[in-house]
Amino acid sequence: TTQSGHSAPTMTTPTSTSSTPFHDALHTTYITTLGDKLDSPTSYEGAVTEHLRVSGVYWSLAAISLLRSPEEVDALMGLTRPLIRPSESGTPKESRPAIVDWVFDCYDPRTGGFGGNCSQRQHPQRLARQPPT
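Nothing here was measured: the structure is a model prediction, and the numbers come from that model.

1. So, a nonpolar patch on the surface
Then step 1. A grouping of V100, F104, Y107 and F114 is seen on the molecular surface, where their side chains present a nonpolar patch of about 370 Å² in accessible area.
Then step 2. By secondary structure assignment, the location of F104 is in helix α5 (residues 99–105).
Then step 3. A residue is classified by how much of its surface remains accessible, and F104, at 56% relative accessible area, is exposed.

Right, here's the structure in full:
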C-alpha cells in the first residue's frame, strides 16, 4: 500500500490477466460502422473530415487488422471487393466500392500523389517535398 493507504497499482505482464475486459466485438462494430456514419448526408463529422478520408481508412484498417484475420477484414471492410450490405428491402446491394479501388480513385496523376478523398489534390506540403519532374 501507498502512504495514503490505497493499494499501489500493479502492472500487468504478458503472463498475467487484466481485470478490465477487452470488448472485441464492440471495437469491431465501431470500426466497421464508422464509415457508414461519416458517409451519412446528415453527418456533421463526415462533412468536416471529408478531406481526411484516406487517413481514416488507413487507421481503421490498421486497427481492425489487429483484431481480425485478413479474410475477415476483407469481408467486414470491403478491402479488395465491393462491400455488400442488405438494402432497406432486405436484398443485398453494393454500399460502396472496394477500398483499394476507392484509394486509386484518390490518385492525382498531375502530382503523382493521393488526395485525402476523391477529387482532391495531394496536400501542398507533400508536393513541396517531391522532386521536380
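2. So, the packing of helix α1 (residues 24–39) against helix α3 (residues 53–67)
Then step 1. Axis separation between α1 and α3 bottoms out at 10 Å; the angle between their running directions is 160°. The angle between α1 and α3 falls in the class roughly antiparallel. The handedness of the crossing between α1 and α3 comes out as left-handed. Here D24, H27, T28, I31, T32, L38 and D39 of α1 come into contact with α3, specifically with R53, S60, A63, I64 and L67.
Then step 2. The residue inventory of the contact of α1 with α3, partitioned by class, reads five nonpolar, four polar and three charged.

3. Quick notes on the confidence of the model for the protein
Then step 1. Of the residues in the protein, 74% reach a pLDDT of 70 or more, and the chain-wide mean stands at 76.
Then step 2. Per-element mean pLDDT across the protein ranges from 49 in helix α6 (residues 124–128) up to 92 in helix α4 (residues 70–77).
Then step 3. A low-confidence stretch, residues 126–130 (pLDDT under 50), is modelled with five contacts involving residues beyond four sequence positions or located in other chains.

4. Some thoughts on the side chain of T32
Then step 1. Mapped onto the elements of the fold, T32 is located in helix α1.
Then step 2. Within the structure, T32 has its side chain in polar contact with the backbone oxygen of T28 (distance 2.9 Å).
Then step 3. In this view, T32 contacts I64, L76, M77, R85 and R96; residues no more than four positions away in its chain are not counted.

5. Quick notes on the packing of aromatic side chains
Then step 1. In this structure the tally under the stated criterion is three aromatic pairs.
Then step 2. With a centroid separation of 4.9 Å and 85° between ring planes, the pair formed by Y58 and W59 is classed as edge-to-face.
Then step 3. On the accessibility criterion, W59 (59% relative accessible area) is exposed.
Then step 4. Here the aromatic rings of F104 and F114 are separated by 6.1 Å at their centres, their planes lie at 65°, and the arrangement is edge-to-face. Here F114 lies in strand β4 (residues 113–114) and F104 lies in helix α5, a separation of 10 residues in the sequence.
Then step 5. Taking relative accessible area as the criterion, F114 reaches 32% and is therefore assigned partly exposed.
Then step 6. In this structure an aromatic cluster arises from ring pairing among F104, Y107 and F114.

6. As for α4
Then step 1. Of all the positions in α4, only V73, D74 and M77 are classed as buried. The buried side chains of α4 occupy one side of the element, clustering within an arc of 100° when seen end-on. Along α4, the residues that are exposed and aim more than 90 degrees away from the buried face are E71 and A75.
Then step 2. Against α1, α3, β1 (83–86) and α5 lie the buried residues of α4.
Then step 3. A positive backbone phi angle near 70° is found at G78, which sits one or two residues after α4.

Cut-off values and rules
Residues numbered from 1 in each chain as written. Predicted model: local features only at pLDDT ≥ 70, side-chain atom pairs only at ≥ 80, totals over all residues. Heavy atoms only, no water. Patch = residues over 30% accessible without salt bridge, like charges linked within 9 Å, V, L, I, M, F, W, Y side chains within 5 Å. Areas by Shrake-Rupley, 256 points an atom, 1.4 Å probe, with all protein chains shown as cover. Salt bridge = Lys/Arg side-chain N within 4 Å of Asp/Glu carboxyl O. Helix = DSSP H or I, 4+ residues; strand = E, 2+ residues; numbered from the N terminus. Buried < 20%, exposed > 50% of the residue type's maximum accessible area, 1.4 Å probe, protein only. Axes fitted to C-alpha atoms, helices over the stretch in contact; angles between N-to-C directions. Parallel < 35°, antiparallel > 145°, perpendicular 65-115°, else oblique. Left-handed = near helix turned anticlockwise from the far one by under 90°. Contact = heavy atoms within 4.5 Å. Nonpolar A, V, L, I, M, F, W, Y, C, P; charged D, E, K, R; others polar. pLDDT = per-residue confidence, 0-100. Polar contact = N/O pair within 3.5 Å; in protein donor to acceptor, adjacent residues only side chain to side chain. Phe/Tyr/Trp six-rings, centres within 6.5 Å; stacked < 30°, edge-to-face > 60°. Arc of directions from axis to C-beta.

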